[in-house]
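# Residue-level structure breakdown
In case you want the letters, here they are:
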Amino acid sequence: MTRQALFALFLLAIDVAYLQQALELPLPFASGEPGPALMPMVLVLTLGIGALGVLVQELRGTARHEDDEDANFSLRTIALILLTCGFVWAFEPLGYWYATLAYAFGVAWLFEQERLGAAKALLTSALISVGITGVGWLFFVTLFDLFLPQGYF
């Protein structure tokens, strides 16, 4: 059994635990509206399909493994984990706008600075973060009529 197959099994175990928690929420469209369980159910389905696909490919021996430096655990991976933890921590106290702008900017800059260089990446990342934050707000507030935290100040 390869490391990728073991990781896929680990993801499936997490997926089952997440599914158990998602099923405690009101079911989507039970009252005619998407409801709070829609996105968790979509995530459960997406993660399950992806993990099963990796597991099947690994067990059949048809998975392709490319030996490139991006496949290794890098500083960028650690930075993404730290950014995500910071976003989760800051979401309520800072509110949707500040936390999402900062998170989207940080993630975009991590990927764009390698491609464009540090200076050009600043402007590109700023535009990406404004776009993602605005579309996210329109999606959740306008389409789903959900409350997004405004922050403590």
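Below: a short report on this structure. Just so you know, the residues in each chain are numbered from 1, in the order the chain's sequence is written. Side-chain atom pairs in this predicted model are given and counted only at pLDDT of 80 or more, local residue features only at pLDDT of at least 70, and totals for whole chains, interfaces and linings cover all residues. Side-chain numbers come from the whole structure's heavy atoms, not from hydrogens or water.

### Comments concerning the overall build of the protein
Only runs of H or I of at least four residues qualify as helices and only runs of E of at least two qualify as strands under DSSP, and these elements are numbered from the N terminus. Along the backbone of the protein there are 5 helices and 0 strands. Listing the helices and strands of the protein from first to last along the sequence gives α-α-α-α-α. Here the globule rule reads 2.2 Å times residues to the power 0.38, and the radius of gyration is calculated from C-alpha atoms. Its C-alpha atoms give the protein a radius of gyration of 19 Å, more than 25% over the compact-globule value 15 Å for 153 residues. When its C-alpha atoms are laid out on the principal axes, the protein stretches across 50 × 50 × 20 Å. Buried, partly exposed and exposed residues are distinguished by accessible area as a fraction of the type maximum, computed with a 1.4 Å probe on protein chains only: under 20%, between the cut-offs, and over 50%, respectively. For the protein, buried positions account for 22% of its 153 residues. The criterion used for residue contact is that any of the two residues' heavy atoms lie within 4.5 Å. Partitioning the intrachain contacts of the protein with sequence separation of at least 6 by distance along the chain shows that 57% fall at a separation of at least 24. Here, Shrake-Rupley sampling with a 1.4 Å probe gives the accessible areas, and only protein chains in the shown set may cover a residue. Accessible area of the protein: about 11,000 Å², with a carbon and sulfur share of 69%.

### Quick word on the packing of helix α4 (residues 96-116) against helix α5 (residues 118-143)
Between the N-to-C directions of two axes lies an angle of 0 to 180 degrees, each axis being a line fitted to C-alpha atoms and, for a helix, fitted only over the stretch in contact. Running from N to C, α4 and α5 cross one another at 140 degrees; their axes reach a closest spacing of 7 Å. The angle between α4 and α5 falls in the class oblique. Relative to α5, the crossing made by α4 is right-handed. Residue polarity follows a fixed list, in which Ala, Val, Leu, Ile, Met, Phe, Trp, Tyr, Cys and Pro are nonpolar, Asp, Glu, Lys and Arg are charged, and the others, Gly among them, are polar. Residue composition of the contact of α4 with α5, grouped by class: 16 nonpolar, 8 polar and 2 charged. Each angle receives one of four descriptions, namely roughly parallel if under 35 degrees, roughly antiparallel if over 145, roughly perpendicular if within 65 to 115, and oblique otherwise. Two helices that cross are described as forming a left-handed crossing if the nearer one is turned anticlockwise from the farther one by less than a right angle, and a right-handed crossing if clockwise.

### Structural notes on the side chain of S125
Position of S125 relative to the elements: it lies in helix α5. Residue class for S125 comes out buried when judged on its relative accessible area of 0%.

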